[in-house]
Amino acid sequence: MPLDNISLIAYLRTINSNDIKSIEVIANPDATYDAGGSAGIINIRLKKNQKVWTNGDASLGYIQGITPKGNAAFNLNYRNKKINVFGNLSEPW
């Protein structure tokens, strides 16, 4: 998907150099690419995210009206190299 210059610059600034696997410059792209311009194509290949982590959060809420109401929520996320498991539990009271 082609980006305008400002969006492209903003996107490139967000990429960490350690996350780049390779950069491919295609000066004369063939017919498989969209012929939207006369310039070449820069293909930035990123490394796959191999990080392992577990994170979560919990929240409580309370509302006082005619009758008091509240809720509680718990989120948990676990990721390793092959799977990503996410769970959410919320309960009104």
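In the block above lies the structure referred to throughout.
Report follows, based on the coordinates. All values reported here derive from a predicted model rather than from experimental measurement.

This part covers the overall build of the protein chain. Counting its regular elements, the protein chain contains one helix and five strands. Helices (α) and strands (β) of the protein chain occur, in sequence order from the N terminus, as α-β-β-β-β-β. In terms of overall dimensions, the protein chain is more spread out than a globule: its C-alpha atoms have a radius of gyration of 23 Å, far above the 12 Å expected for 93 residues. Projecting the C-alpha coordinates of the protein chain onto the three principal axes gives extents of approximately 70 × 35 × 25 Å. Looking at the 93 residues of the protein chain, the share that counts as buried comes to 4%. For the protein chain, the proportion of contacts with a sequence separation of at least 24, taken over those separated by at least 6, is 29%. Total accessible area on the protein chain is roughly 8,400 Å²; 57% of this is exposed by carbon and sulfur atoms. Seen as two clouds, the 10 positive and the 7 negative side-chain charges of the protein chain have centres 11 Å apart.

Taken in spatial order, the three strands make up an open sheet running β3-β4-β5, and their pairing is antiparallel. The open sheet has two free edges, formed respectively by β3 (53-64) and β5 (84-92), since each of these has just one partner strand. Ignoring which end each strand starts from, the neighbouring axes of this sheet average 5° apart. The pairing of strand β4 (residues 68-79) with β5 spans nine bridges and is antiparallel. Within the sheet, the bridge partner assigned to tyrosine 78 lies in β5 and is valine 85.

Within the secondary structure layout, threonine 54 lies in strand β3. Residue class for threonine 54 comes out exposed when judged on its relative accessible area of 53%. On a C-alpha basis, the gap between threonine 54 and serine 22 in space is 29 Å, while along the polypeptide they are 32 residues apart. Once residues lying within four places of it in the same chain are set aside, the contact partners of threonine 54 are Leu76, Asn77 and Tyr78.

The subject of this paragraph is a nonpolar patch on the surface. A cluster of nonpolar residues, Leu3, Leu8, Tyr11, Leu12 and Leu46, forms a patch on the protein surface that exposes about 410 Å² of accessible area. In this structure leucine 46 comes out as partly exposed when scored by relative accessible area, which is 40%.

The buried fraction of β5 amounts to zero of the nine residues, a small share that puts the element mostly on the outside. Where β4 folds back on β5, the antiparallel hairpin that results is connected by four residues.

Moving on, we get to the environment of threonine 67. Of note, threonine 67 is situated in the loop between β3 and β4. Sequence spacing of threonine 67 and lysine 81 is 14 residues, and the spatial spacing of their C-alpha atoms is 48 Å.

About the criteria used
Residues numbered from 1 in each chain as written. Predicted model: local features only at pLDDT ≥ 70, side-chain atom pairs only at ≥ 80, totals over all residues. Heavy atoms only, no water. Helix = DSSP H or I, 4+ residues; strand = E, 2+ residues; numbered from the N terminus. Rg over C-alpha atoms; globule rule 2.2 N^0.38 Å. Buried < 20%, exposed > 50% of the residue type's maximum accessible area, 1.4 Å probe, protein only. Contact = heavy atoms within 4.5 Å. Areas by Shrake-Rupley, 256 points an atom, 1.4 Å probe, with all protein chains shown as cover. Lys, Arg positive; Asp, Glu negative; His and termini not counted. Charge placed at Lys NZ, Arg CZ, Asp CG, Glu CD. Pairing = 2+ DSSP bridges. Axes fitted to C-alpha atoms, helices over the stretch in contact; angles between N-to-C directions. Patch = residues over 30% accessible without salt bridge, like charges linked within 9 Å, V, L, I, M, F, W, Y side chains within 5 Å. Salt bridge = Lys/Arg side-chain N within 4 Å of Asp/Glu carboxyl O.

Remember that the coordinates give geometry; whether it matters functionally is a separate question.
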